Each structure stands twice: as C-alpha cells, then as structure tokens.
Amino acid sequence: TLFARSLAKHSGLEYAIMTGGDVSPLGKEGVTEIHKIFDWAQTSSKGVLLFVDEADAFLQRRDQAAMSEDLRNALNAFLYRTGTESDRFMVVLASNQPDSFDWA
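Rules used throughout
Residues numbered from 1 in each chain as written. Predicted model: local features only at pLDDT ≥ 70, side-chain atom pairs only at ≥ 80, totals over all residues. Heavy atoms only, no water. Pairing = 2+ DSSP bridges. Helix = DSSP H or I, 4+ residues; strand = E, 2+ residues; numbered from the N terminus. Axes fitted to C-alpha atoms, helices over the stretch in contact; angles between N-to-C directions. Contact = heavy atoms within 4.5 Å. Buried < 20%, exposed > 50% of the residue type's maximum accessible area, 1.4 Å probe, protein only. Phe/Tyr/Trp six-rings, centres within 6.5 Å; stacked < 30°, edge-to-face > 60°. Salt bridge = Lys/Arg side-chain N within 4 Å of Asp/Glu carboxyl O. Parallel < 35°, antiparallel > 145°, perpendicular 65-115°, else oblique. Left-handed = near helix turned anticlockwise from the far one by under 90°. Nonpolar A, V, L, I, M, F, W, Y, C, P; charged D, E, K, R; others polar.

**Student:** Can you help me understand the sheet that holds strand S2 (residues 48–53) in this one?
**Tutor:** Neighbouring strands of a sheet are bound in pairs by backbone hydrogen bonds; such pairs are parallel or else antiparallel. The strand order across the open sheet formed by three strands is S1-S2-S3, and the pairing between neighbours is parallel. In the strand order of this sheet, the two ends are held by strand S1 (14–19) and strand S3 (89–93), each with one partner. Averaged over all pairs of adjacent strands, the angle between their axes in this sheet comes to 20 degrees, without regard to strand direction. In terms of strand pairing, S2 meets S3 through five bridges, oriented parallel. In the sheet register, Leu49 faces S3, and the bridge partner there is Met90. Strands S1, S2 and S3 of the sheet are contacted by helix H2 (residues 30–43), whose axis makes an angle of about 170 degrees with S1.

Shown next, in the form of structure tokens:
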C-alpha cells in the first residue's frame, strides 16, 4: 500500500485503493463501478493509479465454477478497460496467490 501510494505521488497521478473483496458485494453494480473508475481516470487532469489489494479475490480465473455471473462480468469489464495501453491509468496489484489470476 505504501509503495503504491508513493508511486502515485512520484508519478503525479491521483490514487485510489480497493480490495478484491470490494467487487463481489457490488453484485450487478460491479460493472458500473469498474467503468466509473476508468472514466474518472479519463477525466482527471492527472490520471489515476489504482491499487488493488488482495487482487486474487477479484481477478481470479474465469474457468472457476464458484465465480458468480456478476463477478465474471465485472472481471470482463476490468480486463476490457485494461486491454489497451494508457498514460491516464496505472494498476498496481498485490496478491499472495498469483497463480489464481486469470491469464488474460
């Protein structure tokens, strides 16, 4: 967390933090909230660094049967919005289970 905050400060970006567990309770609103973060980055004069702690809870492989449809849709939205290079947005992920990440 301190590394990501320091990186944002030194790069001149605004800073946002979330945990992987923040997405699941959002249900159907998860996709909308993911898009709001990326829209904020586009309208920000500085851009945004998003730190996702416990990222494995959200960015898990889509082939896992236990993943809800809402969480799968939020993951797809996240992968779509991070699929192109941008100077307006930086993502820093923290996880103690990197093998569980989706390959995309």
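We are not done yet, so read on.
**Student:** Before we go on, may I ask you to explain the environment of Leu71 in this structure?
**Tutor:** Along the chain, Leu71 falls in helix H3 (residues 69–81). When its relative accessible area of 9% is taken as the criterion, Leu71 is described as buried. Spatially, the C-alpha atom of Leu71 lies 9.7 Å from that of Gln60, the residues being 11 residues apart in sequence. Contacts of Leu71, omitting those with residues within four sequence positions, involve Val23, Ser24, Ala57, Phe58 and Gln60.

**Student:** Would you mind going over the packing of aromatic side chains with me for this structure?
**Tutor:** How two aromatic rings sit relative to each other is given by the distance of their centres and the angle of their planes. Tallied over the entire structure, the rule returns three aromatic pairs. Aromatic pair Phe58 and Phe78: ring centres 5.6 Å apart, planes at 80 degrees, arrangement edge-to-face. Placement of Phe58 in the loop between S2 and H3 and of Phe78 in helix H3 is noted, with a sequence separation of 20 residues between them. No difference in accessibility class separates Phe58 from Phe78, as the two residues are buried. Through pairs of rings, three or more aromatic residues link up here, namely Phe38, Phe58, Phe78 and Phe89.

**Student:** I keep staring at the pattern of salt bridges and nothing clicks. Help me out?
**Tutor:** Under the criterion given, the structure shown has four salt bridges. With a closest N to O distance of 4.0 Å, Glu69 and Arg72 form a salt bridge. Of the two residues, Glu69 and Arg72 are both situated in helix H3; the distance of three residues between them amounts to about one turn of the helix.

**Student:** Can you help me understand the packing of H2 against H3 in this one?
**Tutor:** Packed helix pairs are specified by the crossing angle of their axes together with the interaxial distance, meaning the distance between the axes. Across the interface, H2 lies against H3 with an axial gap of 8 Å and an inter-helix angle of 20 degrees. Looking at the two axes, H2 sits roughly parallel to H3. For the crossing formed where H2 meets H3, the hand is right-handed. Across from Gly30, Val31, Ile34, His35, Phe38 and Asp39 in H2, the residues of H3 making contact are Asn73, Ala74, Ala77, Phe78 and Arg81. Within the contact of H2 with H3, the residues separate by chemical class into six nonpolar, three polar and two charged.

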